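For reference, the chains in residue letters:
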Amino acid sequence: MSTGPIRLSPAAHTALRPATAARITGGFWAARRRVNAEVSLPQGPDRLERAGNLANLRAAAGAAPAESGFRGDFPFQDSDVHKWLEAASWQLADGGEGPAAKELSRQAERLAGMVAAAQAEDGYLQTHYQLGPDARRWTEPHWGHELYCAGHLLQAAVAHHRATGREELLEVAVRCADLVDATFGPGKDETVCGHPEIETALVELYRETGERRYLDLARYFVDRRGQGSLGDGPEDRSAGPRPGAAYWQDHVRLREATAVAGHAVRQLYLLAGAADVAAETGDAELRDALVRLWEDMAATKTHLTGGVGSRHELESFGDAYELPPDRAYAETCAAVAAVHFGWRMALLTGDARYSDLVERTLFNGFASGVSLDGERWLYVNPLQVRQDGASGQATAGDQSTHRTPWFRCACCPPNVMRLLASLPHYMASGDAGGLQLHQYASGSYEAGGGAVRVGTGYPWEGRIAVVVDRAPRDADWTLSLRIPHWAAAYEATVGGEPVAERAENGWLRLRRRWRPGETVVLSLPLDARLTRPDPRVDAVRGCAAIERGPLVYCLEQPDQPAGLRLDDIALAPGAALGAEHRPELLGGVTVITSRAQRRTAPRDDWWPYRDGGEGTGGGTGGDTGGAETAARVPVTAIPYYAWANRERGAMRVWIPV
């Protein structure tokens, strides 16, 4: 039985099931998780104290004066506490002893106690509406986020129960869920929350308690959205004009939708919840809609890094192929939500492509959201910071391109914490016939009646060794290895002998009777490569990006020759791409070296535009746009996830060719 965020019911209609046990023991993700456990998580309670979140809980519990009212700018700040509690619980479930683990456990129980004390007798819990003198429950579905906060409370309680076996926080969640069930639904309050989240939380509470009402209510919320209960939004919203029904996915029923739309995080939380509903109900129509919407997102609205959300305005997806690198929003929370949705689709369908995109998002659009030291964060993750914008582009507030210790709207830091803490449970799955490895990280994984150990230097090295520790003795058993879509070729051996099987639909399936200790070695090519965009992505037409394995690379100012402006270069035709591992740089990274052409505009002209010649084939400027081209200069690219960890400077992923 899975101890992670998803514990499918015995009757679930999915192709795959999460691993029953999973541990990451070494390598890239072990290092990132160690920083999360030793730095980010321990700082959480202090950050929440400074921001007023904990003061609000004490005031709602009557343990502190409430005269000053609610502290903070947003009514949904309780959710940050709930997400931190979920993250701490998954970290405790990962094991570990010593003073640090004991202190984390103490802090988790302290905050869980504060949450329990703040809950009203009828099960209601949201301090903004408990403390506000004029606040009324359930009257602001668009911006109040009451069900959103309730959802994060439910998920924290499930994690706490699975990690510790204690019932107190789960009892808080059950009282809250029962109040929600008594308040919403057919013949009751028939609206939905402006920010989805309650849907997936109710399904997981159903899985934890067996109470069918919670699954039925989740399905109601999924199907009610798109029927106009939210509409365009209230006219009196002080923050601006009505955002429109698509902003909160209320413009069309999910089952009929053909494209992802609106606020990216809200859309993806809704889709993750709908995937949970489809898994537990076997709803084929809902499943087909989810496949259709994922395909629209992946093909037309996803940045190379796996980030989603192209517009700062309303934190929204934007139109198809609207993927500007410098104005990419790509919120860290959207990357987290994309991983949640993608993993559920991988389990639901068994298709490798969902885990392909999860890998891309994890290593790039997600990992960039937290600094290497675990102390600073990015809310937005652009693919370009211009030379003159390095000190001035979006420097204020949560949308800064510079890392900050916390945010006014601090949704992203605890979201990163909870995904890193639970990450082992996104690595592997099982079915009646065997075990599937979706992501590659050194560790141990049990699923499908067997157990394996993985050892690898991935993503820096392409060799992945898998030792079969346990498999059925007298029956064939299948070990399935995902072959990433970027891998043009691969090699695989069992016991040193090449395998006869070939990958199909992204899976290399090795079916045989296994002996304990047999080793599979998968070798993936990690040559640096240039990637071209779809020509319909106008913003980066004529550019290329550098990739190596699952990693997207970028040019960052500190790595380039003095005086070289990233805005003035183009990749030199035919220039080789070299790889060099530098253990002393940015925690140890493999860099890509190449040569570029410095482009300098003529200095005797005030106008930057040039005559392109007559007709479609004419032109005097070529790729340089009439500029003068200087000698080639060396350039160095680093993994995108590691940018913004040094002094401020320009950065770009897409480079003119």
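What you are looking at is a predicted structure, and each value in this text was computed from that prediction instead of being measured.

*Asks:* How should the pairing of strand 19 (residues 589-600) be read in this particular structure?
*Replies:* Strand residues, when the strand is regular, have side chains that alternate between the two faces of the sheet. Strand direction decides the pairing type here: strand 17 (residues 569-571) and strand 19, joined by three bridges, are antiparallel. If you follow isoleucine 569 over to strand 19, its bridge partner there is arginine 598. Note: strand 18 (residues 578-582) against strand 19, five bridges, orientation antiparallel. Residue pairing in the sheet places histidine 581 in a bridge with threonine 590 of strand 19. Adjacent in sequence and paired antiparallel, strand 18 and strand 19 are bridged by six residues, among which leucine 586 carries a positive phi angle near 50°.

*Asks:* How do you make sense of the packing of aromatic side chains when you look at a structure like this?
*Replies:* Aromatic ring pairs: the centre-centre distance and the angle between the two ring planes describe each pair. In total, this model carries 22 aromatic pairs according to the counting rule given. An angle of 65° between the planes, with centres 5.1 Å apart, marks the rings of tryptophan 143 and tryptophan 248 as edge-to-face. Pair noted here: tryptophan 143 is in the loop between helix 5 (127-131) and helix 6 (146-164) and tryptophan 248 is in the loop between helix 9 (212-224) and helix 10 (264-281), with a separation of 105 residues, a long-range link. Aromatic ring contacts, followed pair by pair, group Phe28, Trp29, Phe363, Tyr440, Tyr458, Trp460 and Tyr641 into a single cluster.

*Asks:* So what exactly am I meant to see when it comes to the sheet that holds strand 9 (residues 477-482) here?
*Replies:* Hydrogen bonding along the main chain pairs the strands of a sheet, whether they run parallel or antiparallel. Taken in spatial order, the five strands of this open sheet run 1-4-5-9-12, and their pairing is mixed. Looking along the sheet, the strands with just one partner apiece sit at the ends: strand 1 (17-18) and strand 12 (507-512). In the sheet, strand 9 pairs with strand 12 via six bridges, with the strands oriented antiparallel. Looking at the pairing, leucine 479 lines up with leucine 510 of strand 12.

*Asks:* Looking at this model, I keep getting lost on the side chain of glutamine 560. Mind explaining?
*Replies:* Considering the arrangement of structural elements, one finds glutamine 560 in the loop between strand 16 (551-556) and strand 17. In terms of polar contacts, glutamine 560 uses its side chain to reach the backbone carbonyl oxygen of glutamate 556, at 3.0 Å.

Cut-offs used in this document
In every chain, residue numbers begin from 1 and rise along the written sequence. With the structure being a predicted model, the display of local features is reserved for residues of pLDDT at least 70 and the display and counting of side-chain atom pairs for 80 or more, all residues being used for whole-chain, interface and lining totals. Note: side-chain values were computed over all heavy atoms of the structure, leaving out hydrogens and water. Here, strands pair whenever DSSP counts at least two bridges between them. Helix and strand assignments follow DSSP, with helices taken as H or I runs no shorter than four residues and strands as E runs no shorter than two, numbered in order from the N terminus. The rule is short: rings of Phe, Tyr and Trp, with Trp giving its six-membered ring, pair when the centres are within 6.5 Å, and they are stacked under 30 degrees, edge-to-face over 60, tilted in between. Counted as a polar contact is a pair of N or O atoms within 3.5 Å, where, for protein atoms, one must be capable of donating a hydrogen and the other of accepting one, and residues adjacent in sequence contribute only when both atoms are in side chains.

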